[in-house]
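As a plain string of letters, each chain reads:
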Amino acid sequence: MKSTIHQQVTNFYSALHPRHRFYVQGKLRWDDLSATLPQYLRCDERQSLGRLLDVGCGRGQYGVLAGLSRPLDQLVGVDFDAGKIAAAQRALTRAQISQPAMRSWKFSVEDATYLKASAFDTIFLFDVLHYLDEPQQLKLAQALVKILSPGGRLYFRDTGSGLGGRVNLLIEKLIRRLGIMKGHTLNFRTSDQLESLWAHVGLKCLTKVQGDKFSTLFLILEKSE
Ligand SMILES: C[S@@+](CC[C@H](N)C(=O)[O-])C[C@H]1O[C@@H](n2cnc3c(N)ncnc32)[C@H](O)[C@@H]1O
């Protein structure tokens, strides 16, 4: 049975083209992160998520899930795929009519490797890092730490380079051929390399969960006060 929060996210996208609706419904049903993220956010002892940035947000369902689970001051979802952002923004514009609190939410087309300077208290980076080459991964990690406020948290997930990573590589190559995903680079790192990257840029790991399906690594990282 669907949770109320998942039903609310489904409703948020209900007026979109079936292509987008079915994608979001599939993520909510089959991606473990959809079930675990609200639980982790409830355990985040800060009173509010503050200003939330979802980097490489796709259609934005995890920012929406967060905004419906916890108080926040602002939600900004960015992705360089204009089609996904247009869909997310269409759903948001419709929801804003009846939900004034969502007026501080927006989705915009932006390349994560050229983020505009701003300040955020919470950042999501889910399944994006492997699309960047190694120098770009470091550059993005440094840029995110710079815009994260002291005491701010970065929620991170990516696929490691184990068996799941290799399966994912084949799936990614296929979706690139079909034109579903933009870009050319695929650079899965080991879980140790991913952890080292965040330690190197100065974030402290609060929570680490190693998934066995698709070799995923989920981290909650914090910037010191
Ligand atoms: C696998 S999807 C994940 C989407 C979303 N974070 C989620 O978990 O559902 C990866 C997303 O990253 C975006 N992306 C990849 N490289 C990017 C870049 N350099 N700048 C902005 N978005 C990027 C893609 O367009 C895609 O929407």
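Only a predicted model underlies this, so the values are computations on that prediction, with no experimental measurement involved.

Enquirer: Where do I start with the pattern of salt bridges in this structure?
Expert: Any two side chains of opposite charge can pair, on the condition that their charged atoms come close. Inspection of the entire model under this criterion finds twelve salt bridges. Between Asp81 and Lys84 there is a salt bridge, with its nearest N and O atoms 3.9 Å apart. Neither Asp81 nor Lys84 differs from the other in exposure class; each is buried. A network of salt bridges, in which partner residues are shared, links Asp44, Glu45, Arg46, Arg153 and Glu222.

Enquirer: Even after reading the chapter, I still don't get the sheet that holds strand β7 (residues 216-222), so can you show me in this structure?
Expert: Hydrogen bonds between backbone groups are what pair the strands of a sheet, and the pairing can be parallel or antiparallel. An order of β3-β2-β1-β4-β5-β7-β6 is seen for the seven strands of this open sheet, with the pairing classed as mixed. At either end of the open sheet lies a strand with only one pairing partner, and these are β3 (105-109) and β6 (204-210). Strand-to-strand twist of the sheet, defined as the mean angle between neighbouring strand axes without regard to direction, takes the value 15°. In this sheet, strand β4 (residues 120-126) lies alongside strand β1 (residues 51-55) in parallel orientation, the contact comprising four bridges. Bridge pairing links Asp54 to Phe124 in β4.

Enquirer: Looking at this structure, how should I read the site of the ligand?
Expert: Neighbouring the ligand are 19 residues, the closest being Gly56, Gln61, Asp79, Ala112 and Phe126. A distance of 3.0 Å separates a nitrogen atom of the ligand from a polar atom in the side chain of Asp111. Each residue belonging to the shell around the ligand can be placed in one class, and the counts come to nine nonpolar, three polar and seven charged.

What counts as what
Throughout, residues of each chain are indexed from 1 in the direction in which the sequence is written. The model is predicted, so local features are restricted to residues of pLDDT at least 70 and side-chain atom pairs to those at 80 or more, both for listing and for counting; the totals for chains, interfaces and linings are taken over all residues. Note: side-chain values were computed over all heavy atoms of the structure, leaving out hydrogens and water. The term salt bridge refers to a pairing of a side-chain nitrogen on Lys or Arg with a carboxyl oxygen on Asp or Glu at a separation within 4 Å. Only protein chains enter the accessibility calculation, which uses a 1.4 Å probe; a residue is then buried when its area is under 20% of its type maximum, exposed when over 50%, and partly exposed in between. The rule for pairing is simple: two strands pair if DSSP sees at least two bridges between them. Secondary structure elements follow DSSP: runs of H or I no shorter than four residues count as helices, runs of E no shorter than two count as strands, and numbering proceeds from the N terminus. The axes are straight lines fitted to the C-alpha atoms, using for helices just the contacting stretch, and the angles between their N-to-C directions are given from 0 to 180°. The nearness test applies per residue and asks whether one of its heavy atoms lies within 4 Å of the molecule or strand. For this analysis, a polar contact is any N or O atom pair within 3.5 Å, provided that within protein one partner can donate a hydrogen and the other can accept it, and provided that sequence-adjacent residues contribute only side-chain to side-chain pairs. Side-chain classes follow a simple rule in which Ala, Val, Leu, Ile, Met, Phe, Trp, Tyr, Cys and Pro form the nonpolar group, Asp, Glu, Lys and Arg form the charged group, and the remainder, Gly included, forms the polar group.

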